[in-house]
Amino acid sequence: MVRDAMAPMATPHPGFGVSVCAGASLLSNVWDVLQGAREEECAGRARCTVANRGHPHPPHGNIHTPPRPYSPRLVKSSSTAVGVYGSSTRMTPPDHTSTPQPEYQAFSTSATFHPLFETGGCCPDTVLVTQNYAVFNVHSKVLLANSTNKLGGLLGEDVPVVIIPETDDVVDIVLRIMYGMSCLHDPPSMDTTEQALAALRKYGAPLAQLAALSSPLYWLVLSYAPHAPIETYALAGHYGLEHIAVEISPRLLAYDLSNVSEELIVKMGPVYFRRLFHLQRSRLAALRRIVLRTPALHAPTETCDAERQQQQVIRAWAFASADIVWNALPNTSTHALCAAFTQAGSTIDCLDCQVMVQTRIQELISEWSALKRTI
C-alpha cells in the first residue's frame, strides 16, 4: 500500500548518492508497487483499444477513456557500479512483450538516511520517496513522535512506502530536525529552510518545541541573522519561533522600520512588528530621560559656588545631552555616551565639579546598560 501526494517528477538532487545493495528489499517494494500501478494503466489502455475496434474515428464524447494514473518509474538492475556515496543498481524490468514497456527513471538514496541508518538500535522501517526520486530510509516511530497528524495522513499501518511532494533538500532538513541532527554541515539557503518549516507545519510537527534553545532548528534559523536580520526575524515571527525572534531583535535596534516592506510586515505579523516598534521607541525615550538628568552639585567652596557650578557643569552637560538626544539611536553604545560627556567635563576647571561629572557618567552608563535590549 502506497500513500501518494506527489507532484510531477524532476531530476535527482546532486547531493545524494545512489542506493546501496543493503536496501534492495525496501527499494524492491517501491518497484513492485509502482510497477503494478503501471501495469494497471496498460490494461486500461488495452480495454479502450478493444472498445474502439471498428470505430477508428468515433464521435466526440461517445467513448470515455479513463484518465492515466500517475505512476513513478524507478529503475532496478543486477549490475552494480560503486560511486562516492554508495552503489548504483540498475535492473532491467521483466520483459512483457504483450504490453507497452514503461519509461524508467533512476532514483537516489540519501547519504545520511540510508538503509543501514539506525536509531535506538532499530533499522529503518519506512521509505520516503521525494518529488525528484530521492529515497530516505526512516523510522516510523520517530516521524509519528514528531507529527500530530501522522505526517499529513500519509503514515499508517502497513504503509512501508510514502511518496511526498517535497524535494530532497527540503526533506533532508525536515528529517534532520525531527531526528535532532545538525543542519549546518552543508548550510541550506533561507528559501529552502522556509520551505522546510512550511513542510514541518503541514506535517503537524511541534515547531515551538523543535526550535527550543540550542536545538538544530534554533541554530539553523539563527545562522541567517548576521546577513539578513529583518528577514530572519520575519521568518521566526511567521512560525511563532519566540526564542529565535528574541535572540535576533537586538540586531534590529537601529533598523529603520519605515523601510520594512508590506510583505515582510504581513509575514512577521502585527504582534512581532509591534513588539519591535515598541522596543525601539521605549529605548529612545529611556535614553532621553537618562542623559537629561544632570550631575549633582558639590558643596560650595571658596573657588566654586553654586552659581559657578550652574554656569560650568550644567551648561556643559546640557550641550552634550542635546547633541546626543538629537542624534540618538536605540542602539547607541555606552562608549559613545562616555566619550561625549567626558569631553564636556574636560572644559570644567573645578576638580570637585569634574568628580561630580564622572560620577554621573558612571551612573548613566550603568542605567543604559541595564536597559532591556530584546523584544
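## Describing the overall build of the protein
Across its full length, the protein holds 13 helices and seven strands. Burial analysis of the protein (375 residues in total) assigns 42% to the buried set. Accessible area for the protein stands at about 19,800 Å²; split by element, carbon and sulfur atoms hold 56% of it.

## Some points on the packing of helix α4 (residues 168-179) against helix α5 (residues 190-202)
Direction vectors running N to C along α4 and α5 enclose 60 degrees, while the axes themselves pass 9 Å from each other. Classified by the angle between their axes, α4 and α5 sit oblique to one another. For the pair α4 and α5, the sense of crossing is right-handed. Between α4 and α5, the residues in contact are Asp 169, Val 170, Ile 173, Val 174, Ile 177 and Met 178 and Thr 192, Thr 193, Gln 195, Ala 196, Ala 199 and Leu 200, respectively. Here the contact of α4 with α5 is built from residues that sort into eight nonpolar, three polar and one charged.

## So, helix α12 (residues 334-345)
With 12 residues, α12 extends 16 Å between its outermost C-alpha atoms, agreeing within 8% with the 16 Å of an ideal straight helix rising 1.5 Å per residue. The set of residues buried in α12 consists of Leu 337, Phe 341, Ala 344 and Gly 345. Looking straight down α12, one finds its buried side chains confined to an arc of 100 degrees; they lie on one side. For α12, the exposed residues lying more than 90 degrees away from the buried face are His 335 and Gln 343. Buried residues along α12 sit in contact with α10 (262-291), α11 (306-326) and α13 (351-369).

## Looking at the pattern of salt bridges
Under the definition given, this model contains seven salt bridges. Arg 293 is the salt-bridge partner of Glu 367, the closest N and O atoms lying 3.0 Å from each other. Here Glu 367, found in helix α13, pairs with Arg 293, found in the loop between α10 and α11; they are 74 residues apart in sequence, far enough to count as distant. Arg 360 is the partner of Glu 367 in a salt bridge, and the nearest nitrogen-oxygen pair spans 3.5 Å. Look at Arg 360 and you get buried, because its relative accessible area is 3%.

## Regarding the confidence of the model for the protein
Per-residue pLDDT for the protein has a mean of 79; in total, 72% of the residues score no lower than 70. Contacts for the low-pLDDT stretch residues 1-24, under 50 throughout, to residues beyond four places or in other chains number 84 contacts. Scored below 50 in pLDDT, residues 57-92 shows 82 contacts in the model against residues more than four places distant or in partner chains.

## A few points about α4
The terminal C-alpha atoms of α4, which comprises 12 residues, lie 16 Å apart, in line with the 16 Å expected from a rise of 1.5 Å per residue. Along α4, 11 of the 12 residues are buried, which leaves the element largely enclosed by surrounding structure. Within the sequence span of α4, burial applies to Asp 168, Val 170, Val 171, Asp 172, Ile 173, Val 174, Leu 175, Arg 176, Ile 177, Met 178 and Tyr 179. Backbone geometry just downstream of α4 places Gly 180 in the positive-phi region, at approximately 75 degrees.

## A few points about the packing of α11 against α13
Between α11 and α13, whose axes approach to 11 Å, the crossing angle comes to 30 degrees. Between α11 and α13, the angle falls in the class roughly parallel. Considering how the two elements wind past one another, α11 and α13 form a crossing that is right-handed. For the pair formed by α11 and α13, the contact residues are Gln 309, Val 313 and Trp 317 on the first element and Cys 353, Val 357, Arg 360, Ile 361 and Leu 364 on the second.

## So, unusual backbone geometry
Despite not being glycine, Tyr 133 has its phi angle at roughly 65 degrees, a positive value. Within the secondary structure, Tyr 133 sits in the loop between β5 (126-129) and β6 (134-138). Unusually for a residue other than glycine, Ser 214 sits at a positive phi of about 65 degrees.

## Some points on the environment of Ala 286
Mapped onto the secondary structure, Ala 286 falls in helix α10. Considering only alpha carbons, one finds Ala 286 and Pro 330, 44 residues apart in sequence, at a separation of 9.3 Å.

## Description of the pairing of β6
β6 sits mainly inside the fold: five of its five residues count as buried. Burial along β6 is two-sided: the face carrying Ala 134, Phe 136 and Val 138 and the face carrying Val 135 and Asn 137 are both buried. Examined bridge by bridge, β5 and β6 share four bridges and lie antiparallel to one another. Pairing of Val 127 across the sheet is with Asn 137, part of β6. Counting the residues that bridge the hairpin from β5 to β6 gives four residues, and of these Tyr 133 lies at a positive phi of roughly 65 degrees.

## Re the packing of aromatic side chains
Tallied over the full model, the rule gives seven aromatic pairs. An angle of 80 degrees between the planes, with centres 6.1 Å apart, marks the rings of Tyr 233 and Tyr 272 as edge-to-face. In this pair, Tyr 233 is assigned in helix α8 (residues 229-238) and Tyr 272 in helix α10, connecting sequence segments 39 residues apart. Considered together, Tyr 233 and Tyr 272 belong to a single accessibility category, that of buried residues. Site record: aromatic cluster; members linked through ring pairs are Phe 113, Phe 117, Phe 136 and Tyr 179. Across the ring face of Trp 368, the terminal group of Arg 283 is positioned such that the distance to the ring centre comes to 4.3 Å.

## Some thoughts on the pairing of β5
Regular strands place side chains that alternate from one sheet face to the opposite one. Here β5 shows a buried face lined by Thr 126 and Leu 128 and a second buried face lined by Val 127 and Val 129. Relative to strand β7 (residues 161-163), β5 runs parallel, the two being bridged by three bridges. For Leu 128, the partnering residue across the bridge sits in β7 and is Val 162.

What counts as what
Every chain is numbered independently, its residues counted from 1 as its sequence is written. In keeping with the model being predicted, local features are shown solely for residues with a pLDDT of at least 70 and side-chain atom pairs are shown and tallied solely at 80 or more, while totals for entire chains, interfaces and linings include all residues. Values shown for side chains rest on all heavy atoms present in the structure; no hydrogens or waters enter the calculation. Numbered from the N terminus, helices here are DSSP runs of H or I no shorter than four residues, and strands are runs of E no shorter than two. A simple rule labels every residue: compare its accessible area, found with a 1.4 Å probe on the protein chains alone, to the largest value its type can have, and call it buried under 20%, exposed over 50%, or partly exposed in between. Note on areas: Shrake-Rupley with a 1.4 Å probe; residue coverage comes only from the protein chains shown. Inter-axis angles, ranging from 0 to 180 degrees, are taken between N-to-C directions of lines fitted to C-alpha atoms, where helices are fitted over the stretch in contact. Note that the term roughly parallel is reserved for angles under 35 degrees, roughly antiparallel for angles over 145, roughly perpendicular for angles of 65 to 115, and oblique for everything else. The hand of a helix crossing depends on one turn: near helix anticlockwise from the far one by less than a right angle means left-handed, and clockwise means right-handed. A contact between two residues is defined here by any heavy atoms of the two lying within 4.5 Å. Residue polarity follows a fixed list, in which Ala, Val, Leu, Ile, Met, Phe, Trp, Tyr, Cys and Pro are nonpolar, Asp, Glu, Lys and Arg are charged, and the others, Gly among them, are polar. In this analysis, the expected span of each helix is defined as 1.5 Å times one less than the number of residues it contains. The arc refers to the directions leading from the helix axis to the C-beta atoms. Counted as salt bridges are all cases of a side-chain nitrogen of Lys or Arg within 4 Å of a carboxyl oxygen of Asp or Glu. One confidence number per residue, pLDDT, is output by the predictor and ranges from 0 to 100. Two strands are counted as paired when DSSP detects at least two bridges linking them. Between rings of Phe, Tyr and Trp, where Trp is taken as its six-membered ring, a pair exists when centres lie within 6.5 Å; planes separated by under 30 degrees are stacked, by over 60 edge-to-face, and by other angles tilted. Comment: the charge-over-ring label is applied if NZ (Lys) or CZ (Arg) is within 6 Å of the ring centre and within 35 degrees of the ring normal.

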